[in-house]
Amino acid sequence: MTDLGAMYIGAGLAAIGVGLAALGVGNVFGSFLEGALRNPGAADGQQGRLFIGFAASELLGLIAFVVAILILFVVK
Amino acid sequence: MSAGKIDPMEQFKVEPVLGGHLNLFGYDVSFTNSALFMVVVFMLLAVFMAGGLKRQLVPGRWQVAAEDAVSFIDNMVTVNIGSGGKKFAPYIFSLFFFILFANLVGVLPLAILPGLHTFAVTSHITVTAVLAFLSFGIVLVVGFATHGLKFFSLFVPHGAPAWLMPVIIPVEFVSFMVRPFSLGLRLFVAMTAGHILLEVFGSFVVQGLNAGGPLGGVVSLLSFAMIVGVSALELLVCAIQAYVFALLTSLYLHDAVHLH
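Cut-off values and rules
- Residues numbered from 1 in each chain as written.
- Chains lettered and ligands numbered in written order.
- Predicted model: local features only at pLDDT ≥ 70, side-chain atom pairs only at ≥ 80, totals over all residues.
- UniProt positions renumbered as here; feature names shortened; annotations may be inferred.
- Helix = DSSP H or I, 4+ residues; strand = E, 2+ residues; numbered from the N terminus.
- Rg over C-alpha atoms; globule rule 2.2 N^0.38 Å.
- Buried ≥ 20, exposed ≤ 12 C-beta atoms within 10 Å, placed from the backbone.
- Contact = placed C-beta atoms within 7 Å.
- Expected span 1.5 Å × (residues − 1).
- Arc of directions from axis to C-beta.
- Core = buried A, V, L, I, M, F, W, Y, C linked by C-beta atoms within 7 Å.
- Axes fitted to C-alpha atoms, helices over the stretch in contact; angles between N-to-C directions.
- Parallel < 35°, antiparallel > 145°, perpendicular 65-115°, else oblique.
- Nonpolar A, V, L, I, M, F, W, Y, C, P; charged D, E, K, R; others polar.
- pLDDT = per-residue confidence, 0-100.

Naming follows an unreviewed UniProt entry, where chain A appears as ATP synthase subunit c of Sphingomonas psychrolutea. If you open the UniProt record of chain A and go to Sequence similarities (unreviewed entry), you find "Belongs to the ATPase C chain family."

Given below as structure tokens:
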């Protein structure tokens, strides 16, 4: 296998993390909706926490994306 | 990259707009497209606020928009920082609206006019990291000014057993020191990823048209529909990222003001 091919495979493997973070973000919003439908009165007060959870789980996907980009464009 | 494709990274290039490079004491201080769009964002924000500050008894639409913007930030600050949070409202306001306007100006589809190419200021980690370290610096200054050395008790959670301290204090310390990096990285990567995605689908449209034939046309059409959809998603991401940046900054300020 050439170095370039190995690089592309590595970047593709790193991109798996982005999809896994999508599971996390979906879980955050799904659980929020589930709770919000049970008690709509309390939902508005929890929006700050919703976005904190979203930010925390999204960050890991973004880091996976950064790793893929670093492999593609920075590593020579 | 291979085979003469459209380079999706070219759009992030920072280059001087007026004339050539300007050197001062060995540093390149030329007026770049990044600086130009920061000025554009500042002007838009100044016009928006100046138009809303008419103080009429019966407010017009513009004044209501400006008042809503102010009360939105005011509410965020009161809820998340608590007592003593009002004095940070101007900073959070500037932060939120600078990021929001910079994000929105960045996704304006003005590139269909030749020679006009909007530049997303927040798609550079140099810009977002400065904003993040500014927030982190304010947290440190406020924390040490109000609590002195007691500020270090931030690393000791309430109710944790004493034998856990050797583990939990380093963990809390690392999670505190990582804050500015995660804050800056999140905004930068979210904007960069969106712009790369738009550029990639844009290149699919061009290459589909160049290839010709019914298949090329179908690829172009589907890619164009995808661009429209992704652009709508990008508008949401612009607002959410600005909101998250302001929200996390106010939460960190809460730690500095109240210690837990």
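### Structural notes on the overall build of chain A
Within chain A, the regular secondary structure consists of 3 helices and 0 strands. Element order for chain A, N to C, with α for helix and β for strand: α-α-α. The C-alpha radius of gyration of chain A comes to 18 Å, more than 25% above the 11 Å expected for a compact globule of 76 residues. Sorting the 76 residues of chain A into buried and exposed places 9% on the buried side. Relative to all contacts within chain A whose residues are 6 or more apart in sequence, the contacts with residues 24 or more apart total 91%.

### Describing helix α2 (residues 61-81) of chain B
Because each turn of an α-helix spans 3.6 residues, side chains separated by three or four positions end up pointing in the same direction. If you check α2 of chain B, its first and last C-alpha atoms are 30 Å apart, about what 21 residues at 1.5 Å a residue would give, namely 30 Å. Turning to α2 of chain B, its buried residues number three or more, namely Ile73, Met76, Val77, Asn80 and Ile81 of chain B. End-on, the buried residues of α2 of chain B take up no more than an arc of 100 degrees, which puts them together on one face. Exposed positions of α2 of chain B whose direction lies more than 90 degrees from the buried face are Arg61, Val64, Asp68, Ser71 and Asn75 of chain B. Packed against the buried residues of α2 of chain B are α3 (47-74) of chain A together with α3 (89-106) and α6 (213-258) of chain B.

### Let's talk about the nonpolar core
In summary, soluble globular proteins display a tendency toward joint burial of nonpolar side chains. Ile92, Phe96, Ile99, Phe245 and Ala246 of chain B are the most contacted members of the largest nonpolar core, which has 46 residues in total. Counting only elements with at least two residues in this core, the list comes to α3 of chain A together with α1 (33-52), α2, α3, α4 (125-147), α5 (165-211) and α6 of chain B. Counting residues per element, this core draws most heavily on α6 of chain B, at 11 residues.

### Description of the packing of α3 of chain A against α6 of chain B
The relative placement of two packed helices comes down to the angle between their axes together with the axis-to-axis distance. Running from N to C, α3 of chain A and α6 of chain B point in directions that differ by 105 degrees, and their axes come no closer than 10 Å. Classified by the interaxial angle, the pair formed by α3 of chain A and α6 of chain B is roughly perpendicular. Residues Gly48, Phe51 and Ala55 of chain A of α3 of chain A form the contact with α6 of chain B, whose participating residues are Tyr243, Val244, Leu247 and Leu248 of chain B. Within the contact of α3 of chain A with α6 of chain B, the residues separate by chemical class into 6 nonpolar, 1 polar and no charged.

### A few points about the confidence of the model for chain A
Per-chain confidence: chain A averages 89 in pLDDT, with 100% of residues scoring 70 or above. Taking the mean pLDDT of every element in chain A, the minimum, 87, falls on helix α2 (residues 40-43) of chain A and the maximum, 92, on helix α1 (residues 3-38) of chain A.

### Remarks on the UniProt feature "transmembrane region" (unreviewed entry) in chain A
The positions UniProt marks with the feature "transmembrane region" (unreviewed entry) are residues 6-29 and 50-75 of chain A. With 100% helix and 0% strand, residues 6-29 of chain A has its two end C-alpha atoms placed 36 Å apart.

### Description of α3 of chain A
If you check α3 of chain A, its first and last C-alpha atoms are 38 Å apart, about what 28 residues at 1.5 Å a residue would give, namely 40 Å. Those residues of α3 of chain A that fall on the buried side of the exposure criterion are Ala55, Glu58, Gly61, Leu62, Ala64 and Phe65 of chain A. Those residues of α3 of chain A hidden inside the fold are in contact with α1 of chain A together with α5 and α6 of chain B.

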